[in-house]
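Listed here are the chains, written in short residue letters.
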Amino acid sequence: MTTEIETVRTVADLRARVSAWRARGGSLAMVPTMGAIHEGHMSLVRQAKGLAGHVVASIFVNPLQFGPSEDFEAYPRGEARDAALLAEAGADLLFAPGAGEMYPEGFATTVHVADITEGLCGASRPDHFDGVATVVAKLLLQCGPDVAIFGEKDYQQLLVIKRLVRDLNIPVKIVGGAIVREPDGLALSSRNAYLSAEERETAPLLYATIQQAAHALAAGHATEHALESARAALEAAGFRVDYLEARDPETLARLSGSVATARILVAAFLGKTRLIDNVPVPPRA
Ligand code: PAF
């Protein structure tokens, strides 16, 4: 088992490695992360490995995508452990730039993706998607992969990145990676570490509840009714629901009444921890 990975910290070094692979005709996949690596990230690296000859993973806790009252300082960091897990999953190179490399003195550009960033996480986390779009545009241009993989847990983020790449003609294919769950259904997330033991016991209800709503929609129940029941169940279990919506899976347009296909998306607080999750309609299981 390989647990060592070469790490580069500058765009120049990253490009030198990538050019050497390209010169030998190699294809390249990228898996951008903010570290705190778990099985969800590792599955993205394995997926990347099946799509290209070389895999670059990046770790950068991007200050631009955190709001002033969010957890930028507290966000879990541990590069040595993360690097070992990324190597174990099959990454060939780690790009771990510092803030000065990504946002040098005088940095003045923001990438803003309209429409699809409105509502859902965009409503409760103003500027979040500008931060994501800006850093992802930079990472893709710095690395120049053929394909880049992002987890479906951040479903709105995945669609924002697809739109960004299409609108700016960035020559890369964006691929979604399936959500990895704990045996009890809780979607893996770096933020699960913030849950108390009691909250951790309640947390799987988030997935169970939206999955039930997905089955109700698939059975022909009206969206409003299914979501109202789901919201009531979550609140009764102690969640504070930020949003719970059924949206078009491609455009994120709002849906109402009976629908054949949708994505149910939820964000809810358990104590201070904000959890997000989503499921397709019709449900996969
Ligand atoms: O999903 C994440 O970890 C981050 O939002 C990303 C895409 C790496 C950008 O910082």
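What counts and what doesn't
- Residues numbered from 1 in each chain as written.
- Predicted model: local features only at pLDDT ≥ 70, side-chain atom pairs only at ≥ 80, totals over all residues.
- Heavy atoms only, no water.
- Helix = DSSP H or I, 4+ residues; strand = E, 2+ residues; numbered from the N terminus.
- Rg over C-alpha atoms; globule rule 2.2 N^0.38 Å.
- Contact = heavy atoms within 4.5 Å.
- Areas by Shrake-Rupley, 256 points an atom, 1.4 Å probe, with all protein chains shown as cover.
- Near = heavy atom within 4 Å.
- Polar contact = N/O pair within 3.5 Å; in protein donor to acceptor, adjacent residues only side chain to side chain.
- Nonpolar A, V, L, I, M, F, W, Y, C, P; charged D, E, K, R; others polar.
- UniProt positions renumbered as here; feature names shortened; annotations may be inferred.
- Buried < 20%, exposed > 50% of the residue type's maximum accessible area, 1.4 Å probe, protein only.
- Pairing = 2+ DSSP bridges.
- Axes fitted to C-alpha atoms, helices over the stretch in contact; angles between N-to-C directions.

Chemist: Explain the overall build of the protein residue by residue, including any values.
Modeler: Secondary structure assignment for the protein yields 10 helices and nine strands. A compact globule built from 285 residues should have a C-alpha radius of gyration of about 19 Å, and the protein, at 19 Å, falls within 12% of that. Viewed in the frame of its principal axes, the protein has a C-alpha envelope of about 55 × 40 × 40 Å. Counting only contacts in the protein whose residues sit at least 6 apart along the sequence, the fraction spanning at least 24 positions is 74%. In the structure as shown, the protein presents an accessible area of about 13000 Å², 52% of it carried by carbon and sulfur atoms.

Chemist: Explain the site of the ligand to me, using residue names and the numbers behind them.
Modeler: Neighbouring the ligand are the residues Pro32, Thr33, Met34, Gln65, Val135, Val136, Phe150 and Gln157. Note that an oxygen atom of the ligand is positioned 2.6 Å from one of the side-chain N or O atoms of Gln65. The side chain of Gln157 places a nitrogen or oxygen atom 2.7 Å from an oxygen atom of the ligand. When the free accessible area of the ligand is taken as 280 Å², the share hidden by the protein chains comes to 88%. Within the residue set of the shell around the ligand, elements represented by two or more residues are strand S2 (28–33) and helix H6 (128–143). For the shell around the ligand, the per-class residue count stands at five nonpolar, three polar and no charged.

Chemist: Help me get a handle on the environment of Ala237, residues and values and all.
Modeler: Note that Ala237 resides in the loop between helix H10 (223–236) and strand S7 (240–247). A C-alpha to C-alpha distance of 8.0 Å links Ala237 and Leu205, two positions 32 residues apart in sequence. In contact with Ala237, not counting residues within four places along its chain, are Thr202 and Leu205.

Chemist: An account of the UniProt feature "binding site: (R)-pantoate" (unreviewed entry) in the protein is needed here, citing residue identities and associated values.
Modeler: In the numbering used here, UniProt assigns the "binding site: (R)-pantoate" (unreviewed entry) feature to Gln65 and Gln157. Spanning 93 residues, the annotated positions come together in the fold, the maximum distance between their C-alpha atoms being 11.4 Å. For Gln65, the position within the fold is in the loop between strand S3 (54–59) and helix H3 (79–89). Given the relative accessible area of 9%, Gln65 is considered buried. Discounting chain neighbours no more than four positions away, the residues touching Gln65 are Met34, Glu70, Arg125, His128, Gly131, Val132 and Val135. Relative to the elements of secondary structure, Gln157 occurs in helix H7 (residues 155–167). Beyond its immediate sequence surroundings of up to four residues, Gln157 is in contact with Phe129, Val132 and Phe150.

Chemist: Which residues make up the sheet that holds strand S5 (residues 147–151), and what values do they have?
Modeler: A sheet is described by the order of its strands in space; here six strands give the open sequence S1-S4-S3-S2-S5-S6, paired in parallel fashion. Each edge of the sheet is formed by a strand with only one pairing partner; in this case those strands are strand S1 (6–8) and strand S6 (173–177). Each adjacent strand pair in this sheet contributes to an overall mean axis angle of 25°, direction not counted. Of the pairings in the sheet, the one linking S2 to S3 comprises six bridges and is parallel in character.

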